Structure formats: C-alpha cells, structure tokens
Amino acid sequence: PVPELPQFLFAVHFRPPHSKWRSGAMELPSGNRLNPPSSSVSSRRRRQRFLSEGGRVDRISALPDDLLLQVLCRLRCARTAALTSAVARPWRGLWRHLTELSFREIAPDALEAALGLVARPAISLLEIDIPEEHRGEIDPARVSALLRTAARLAPTALVFTACGNCSVAPIEVPVFHRATSIKLEVHNLCLTPPAHGLEFPVLERLSVGGGYAFDTDEFIQRCPRLRVLEVGNRCRLHKIKVHSTTIEELVVSDDCWANGIDIMAPALKQLKLSIRMDSQFSVSFSAPMVENLWWDFSCPSQNVGDDGWRMLHLSLWKKESVNTLRLTIDAGPLHLIRRGHAFGPVVSNLLGICTFIQKLKVDINEFTVILHFS
C-alpha cells in the first residue's frame, strides 16, 4: 500500500530539482562544500530483503539509512525527497532527517506544516522560496513566524525568498546562532535586526535584497564577524553606513536608493556601489586597503548642478592601478573652472582627495567629462 504522504507535497505543482553536486560533496550557495550527511537515525540496523512487485529483491531500499539520505540529499528539493515515501516503506519519513532542506513552490500554510515535521535539531542548509502567486498571503506576521521557525532549525546557511504587498511594518529578524551565511530576498517588506543586545555570533556573509528602509549600520553592529555584505534588488536605504573592522567586501547593486554614504572600513578590499542618489546626498569614505573599486552613481532628480548644467551620472573605478572618473551631464560644452557652474568645484574636490595622483588625463566632449589618473 502507498503510505500517507505529507500534505505539503500536493500544495503546488511540482518543479524539477536543480542539483549541484560533485564527487560526493554538496555545493552550498556560499560556495562551500558539504560532505555527505551523518544521519540521526540508525544507519547500521539490519534490513530485511525487500521485494519489488515483480518479486525481485529491492537492493536500494535495503541500503543503510545513511546511504539513502545521501541519495535524497542530492535531490536538493524537500518535496521530491518526501515523494520517495511512496517508493517503499524504508524511505518513509527519511526526508525529515536531511541536513539540507530546500522548499520551493510551496504555499505558506503547507510550508509551515512541512517545517514542523523536520526531525533534526540543527541542519546545514535551509532554503525557502515562496511562489510570487502567494504574495497575497505574505504579510509581516506570516514572514516573522516563518523566520522564527527557521531559526529553531538552526541552519548554518539560510536562503529566504518572499514577496509581499508593499508593507512597511517592521519584521524583526530572529537570531540565527549557527548561521555563517544568510540571504534574505524580501521584496516590498521591511526588515529590522534582532532586539537590542542580540547578535549573529558567527555570521560572515549577509545578503539582503528588495527591502524597505534597510539599515546597514544596525545589522553590521549585530554581526561581529561579518566579512561580506551584499545589498541589492532596489533596496531603499536611508544611508549606507558601514563602520566595521571586519568587512572585507561590500556590494550595493541594482540601483539601490540612498541619501548618503558613510564608510569607515580599514579591512575593506572589494567595493562595488550602484546607487540612485536622493536629493540630499553626502559621502564620507575611508578604506585604505581597498584593491578593487567600482562606483556608479545616477542622479535621476538632477539635483547636482545649476540651471545650466545638471549631473546625470558619475562613475569611478580602479583597474590595474589606474583610476577612472566619468561625469555625464545634460548640457553643452563644459569648461573645468572653479566659477560659473558646480562641476568645477566637484572635480577640484575629488582631485584634492586623491593626493596620490601621479598622472592625469582629461577627456571632454559635449556631454561627458572623463578623468584617468594613476
């Protein structure tokens, strides 16, 4: 007889898993490799000889639980792993003991039920991807409940994706004591760090996308070991404030909105910023160890300049010890002098900051000024 299957299997249509594995080790989203899991259920118990419908010996079902769990681990899909319960009795409920669990294309109610069935007190990877067609069911209370349940499973790596309905009600992210990598894609929702005094003690990589009013400083202060911070998917930021002695890589991409930059990061080596500047924009930057640099600032409100010249775009990048600055404006011929318009002082101040310049080349055309210096 076909055993009773978990309800979450039938919540939505099946999506084939996309496995990423090689030579007996699973590759995590962070790039780390996970060795085959060690099951909490007995792997040495003697099994009887299972027979298939044709009367042949079912040698796969007769394998120890640890080996069966390795097979399920490579499916990279909790629903697909649970479906094996219909294959034979030895597979029944084994998915609950997996060290890696990925829930995709599952409705929120069924997802909560499935998470409640997990038997392990701690897992290596938890991936939750709620379909966008269920965005009407995604409110701050529901997301908070799912995150709290995820925290109880104590994953080492967490990937959480959900899309809400433009709610600015704060969602407090609970503490994940074992997590070294967290990725949160919460479109149209607002995330806040844990209550004051609580920290992510071992978190090294944090990626946040799509949120409202994301406060980089508040989260960084709760992550004493953070090395990589990624913010993207059009996050709305008040100010990109990064005061950290541990940050080595900072990425702000996909045209995030911000009204300023305040970076003091002595260990920072890689920096990528793609920002839409709000009307009140300021920059404070100190990163003496930076090696790879790429700034891309757009000014859609055209608040930099005067009636004659308005800045549209500013790009600054460093490649092979050569720094390039590009200014794009919306006016005619431009003369780099300190009076008459705003760009003379802007360029003068930028060059004054770069006291290490040994070589300077200026390209001027009708709309763009390009500075190459090394």
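In this text, all values refer to a predicted model and were calculated from it rather than measured experimentally.

Chemist: Go over the packing of aromatic side chains, please, and point to the residues and values.
Modeler: Tallied over the full model, the rule gives 4 aromatic pairs. Taken together, a centroid distance of 5.6 Å and an interplanar angle of 70 degrees make the contact between Phe-281 and Phe-297 edge-to-face. In this pair, Phe-281 sits in strand β13 (residues 270-286) while Phe-297 sits in strand β14 (residues 292-298), placing the two residues 16 residues apart along the sequence. Given the relative accessible area of 23%, Phe-281 is considered partly exposed. Ring plane angle 25 degrees and centroid distance 5.3 Å describe the contact between Trp-295 and Phe-297, whose orientation is recorded as stacked. According to the relative accessible area criterion, Trp-295 is buried, its value standing at 9%.

Chemist: Outline helix α1 (residues 65-73), supporting the account with residue identities and numerical values.
Modeler: Among the residues of α1, Asp-65, Asp-66, Leu-68, Leu-69, Leu-72 and Cys-73 are the ones counted as buried. Taken around the axis of α1, the buried residues stretch over an arc of 160 degrees, which confines them to a single face.

Chemist: Could you give me a rundown of the nonpolar core, with the residues and numbers involved?
Modeler: If you look at the biggest cluster of nonpolar residues, it comprises 80 residues, and the most contacted ones within it are Phe-103, Leu-126 and Leu-273. Of the residues forming this core, the biggest block, 6 residues, is contributed by strand β12 (residues 249-264). Not counting residues within four places of it along the chain, the set of residues in contact with Leu-273 comprises Leu-250, Val-252, Ile-261, Ile-263, Trp-294, Trp-295, Asp-296 and Phe-297.

Chemist: Explain the confidence of the model for the protein to me, and be specific about the residues and the numbers.
Modeler: On average, residues of the protein carry a pLDDT of 76, and 67% of them reach 70 or more. Ranking the elements of the protein by mean pLDDT puts strand β1 (residues 21-22) last, at 36, and strand β5 (residues 125-129) first, at 94. For residues 34-53, every residue scores under 50 in pLDDT, and the model assigns this stretch 51 contacts once sequence neighbours within four places are set aside.

Chemist: Before we move on, can you summarise the environment of Arg-76 with the specific residues and values?
Modeler: Mapped onto the fold, Arg-76 is located in the loop between α1 and α2 (78-83). Overall, the relative accessible area of 8% leaves Arg-76 in the buried class. Distance from Arg-76 to Phe-103, taken between C-alpha atoms, is 8.9 Å for residues 27 residues apart in sequence.

Chemist: Tell me what's going on with unusual backbone geometry, and back it up with residues and numbers.
Modeler: Phi angles above zero are rare outside glycine, and Ala-154 is one such case at about 50 degrees. Positioned with a positive phi, Asn-188 is a non-glycine residue whose angle comes to about 65 degrees. Checked against the element boundaries, Asn-188 lands in strand β8 (residues 181-192). Among the residues examined, Asn-188 registers a relative accessible area of 18% and is labelled buried.

About the cut-offs
Here the residue numbering is sequential within each chain, running from 1 through the sequence in written order. Only residues with pLDDT of at least 70 are given local features in this predicted model, and only at 80 or more are side-chain atom pairs given and counted; all residues enter the totals for whole chains, interfaces and linings. Computation of side-chain values: all heavy atoms of the structure, hydrogens and water removed. Only Phe, Tyr and Trp rings take part, Trp by its six-membered ring, and two of them pair if their centres are within 6.5 Å. Stacked means planes under 30 degrees apart, edge-to-face means over 60, and tilted covers everything else. In this text, helices come from DSSP runs of H or I with a minimum length of four residues, and strands from runs of E with a minimum of two, each type numbered from the N-terminal end. Partly exposed residues are those whose accessible area sits between 20% and 50% of the maximum for their type, while under 20% is buried and over 50% is exposed, using a 1.4 Å probe and protein chains only. It is the directions from the helix axis to the C-beta atoms that the arc portrays. In plain words, nonpolar cores are sets of buried Ala, Val, Leu, Ile, Met, Phe, Trp, Tyr and Cys residues tied together by side-chain atoms within 4.5 Å. Only heavy atoms matter for contacts: two residues are in contact if any of them lie within 4.5 Å across the pair. The score called pLDDT rates the predictor's confidence residue by residue, from a low of 0 to a high of 100.

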